[in-house]
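The residues making up each chain are set out below.
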Amino acid sequence: MVIRKYSIDLFWFLFKRPIFIFSYPKSGSTLVRLFIFNLFRIRDNKEISFSHDELNYFMPEFGKGTFFRADRYRFLKSHRIFFPTLFKHLIVIRNPFDSLCSYFEYNKRIDSNFSLDINSFLLSKKGINFYSQHLKLASRSNGLVIVYEDFIENKVAFIKGLFEFLSFSYTEDEVDKLVKGIDRNKQILIESRSGLGEVKNFSKEKNYDRYKELISGENLKVIESLDILFCELRDRKTNI
């Protein structure tokens, strides 16, 4: 009976043609989801929200929680890459050094048993090879590539490019409300109220230069080679 229900749900899920948001962890996908989520709130005449619970319900992670849930649009986030060409999708990428250091620090915060040093982490299944998979996906993807650094520099262009890719109509007023309504100070406020600030640490200004003294020369060379690929992809990307 359970298997039959699962099969029906899976068929419905595939029929809905979900839109996936892929990213290496700590690369900015939460901000991308936040803008999409709040566009619908604006259209429903609701206030802009920073609730992570609401966000994760509206755009759940594939394979977790309510991802089979029926809704008018189906956005699913995933840090694991799988058959992306079958579905409309976005890939969010961020420069490799910041992404890898941020994910290392995140693992230390959420896992009291985490004992890897930065170099051991970079060589683990969560490190360099995992990041490289996402960069390769972005380089050959037929989806929309969103570079986190470009998004930070020009949110208006990001919003317009995103909604055009998704074939969503929008007004200049909606774009203006999103840009003005979602800023760093409001993110910090909601994180402090929710108790997520210490764990998620989404809105903290990041500077990982101290790791340059800790990362081995061999690992730094690999990260630098990834950064070259990242910059080449960023330079030739014309989506946003």
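The structure we're discussing is the one just above.
Since this is a predicted model, take the numbers as computed values, not measurements.

Cut-offs and rules
- Residues numbered from 1 in each chain as written.
- Predicted model: local features only at pLDDT ≥ 70, side-chain atom pairs only at ≥ 80, totals over all residues.
- Heavy atoms only, no water.
- Helix = DSSP H or I, 4+ residues; strand = E, 2+ residues; numbered from the N terminus.
- Buried < 20%, exposed > 50% of the residue type's maximum accessible area, 1.4 Å probe, protein only.
- Contact = heavy atoms within 4.5 Å.
- Areas by Shrake-Rupley, 256 points an atom, 1.4 Å probe, with all protein chains shown as cover.
- Axes fitted to C-alpha atoms, helices over the stretch in contact; angles between N-to-C directions.
- Parallel < 35°, antiparallel > 145°, perpendicular 65-115°, else oblique.
- Left-handed = near helix turned anticlockwise from the far one by under 90°.
- Nonpolar A, V, L, I, M, F, W, Y, C, P; charged D, E, K, R; others polar.
- Core = buried A, V, L, I, M, F, W, Y, C linked by side-chain atoms within 4.5 Å.
- Salt bridge = Lys/Arg side-chain N within 4 Å of Asp/Glu carboxyl O.
- Phe/Tyr/Trp six-rings, centres within 6.5 Å; stacked < 30°, edge-to-face > 60°.
- Pairing = 2+ DSSP bridges.

Colleague: It is not clear to me how the overall build of the chain should be interpreted in this structure. Could you clarify?
Modeller: A tally of helices and strands in the chain yields 11 helices and four strands. Looking at the chain residue by residue over its 240 residues, the buried ones come to 47%. Of all intrachain contacts in the chain linking residues separated by at least 6 positions in sequence, the fraction that spans at least 24 positions is 74%. Accessible surface computed for the chain: about 13100 Å², of which carbon and sulfur atoms make up 53%.

Colleague: Would you take a moment to explain the packing of helix H2 (residues 29-43) against helix H9 (residues 172-181) for this structure?
Modeller: The interhelical angle for the contact between H2 and H9, taken along N-to-C directions, is 125°, at an axis separation of 10 Å. Classified by the angle between their axes, H2 and H9 sit oblique to one another. Note that H2 runs across H9; the crossing there is right-handed. Where H2 approaches H9, its residues Phe35, Asn38, Leu39, Ile42 and Arg43 are matched on the opposing element by Glu174, Lys177, Leu178 and Val179. Counted by class, the contact of H2 with H9 contains five nonpolar, one polar and three charged residues.

Colleague: Would you mind showing me how to read the nonpolar core here?
Modeller: Among soluble globular proteins, nonpolar side chains are generally buried collectively. Core analysis: the largest hydrophobic core is formed by 33 residues, its most contacted members being Ile93, Leu122 and Tyr211. Listing elements by their share of this core, those giving two or more residues are strand S1 (19-23), strand S3 (89-93), helix H4 (96-110), helix H5 (118-122), helix H6 (128-140), strand S4 (144-147) and helix H11 (217-236). What isoleucine 93 contacts, discounting residues up to four positions off in sequence, is Ser27, Leu135, Ala138, Val145, Ile146, Val147, Tyr148, Glu149, Phe230 and Leu233.

Colleague: I keep staring at the packing of H4 against H11 and nothing clicks. Help me out?
Modeller: What describes two packed helices is the angle between their axes and the distance between those same axes. Closest axis-to-axis distance for the H4/H11 pair is 8 Å, and the angle between their directions is 125°. The angle between H4 and H11 places the two elements in the oblique class. Across the interface between the two elements, Pro96, Phe97 and Leu100 of H4 pack against Leu220, Ile223, Leu226, Asp227 and Phe230 of H11. A per-class count over the contact of H4 with H11 returns seven nonpolar, no polar and one charged.

Colleague: Whenever I open this one, the pattern of salt bridges confuses me. Can you help?
Modeller: As enumerated under the stated definition, the model contains 10 salt bridges in all. A salt bridge links arginine 43 to glutamate 174; its shortest N-O distance comes to 3.1 Å. One end of the pair, arginine 43, is in helix H2; the other, glutamate 174, is in helix H9, with 131 residues separating them in the sequence. Overall, arginine 43 belongs to the partly exposed group, its relative accessible area being 32%. Residue classification places glutamate 174 among the buried positions, given a relative accessible area of 13%.

Colleague: Any chance you could explain the packing of aromatic side chains here in plain terms?
Modeller: Aromatic ring pairs are reported here in terms of the distance separating the ring centres and the angle at which the planes meet. By the definition in use, this model includes 23 aromatic pairs. Seen from their ring centres, phenylalanine 20 and phenylalanine 87 are 5.4 Å apart, and the 65° between their planes marks the pair as edge-to-face. Of this pair, phenylalanine 20 sits in strand S1 while phenylalanine 87 sits in the loop between strand S2 (75-78) and S3, placing them 67 residues apart in sequence. On the accessibility criterion, phenylalanine 20 (1% relative accessible area) is buried.

Colleague: So what exactly am I meant to see when it comes to the sheet that holds S4 here?
Modeller: Where strands meet in a sheet, backbone hydrogen bonds hold them as pairs that are either parallel or antiparallel. The strand order across the open sheet formed by four strands is S2-S1-S3-S4, and the pairing between neighbours is parallel. Single-partner strands in this sheet number two, and they are S2 and S4. With strand direction ignored, the average angle separating the axes of adjacent strands in the sheet is 20°. Pairing geometry for S1 and S3, over four bridges, is parallel. If you follow isoleucine 21 over to S3, its bridge partner there is leucine 90. On top of the sheet, H6 reaches S1, S3 and S4; it is set at about 130° to S3, its chief contact.

Colleague: Where do I start with the pairing of S4 in this structure?
Modeller: One face of the sheet, then the other: side chains in a regular strand alternate in exactly this way. Burial along S4 is two-sided: the residues Leu144 and Ile146 and Val145 and Val147 are all buried. Looking at chain direction, S3 and S4 are connected through four bridges and run parallel. Among the inter-strand pairings, isoleucine 93 is bridged to a residue of S4, identified as valine 147.

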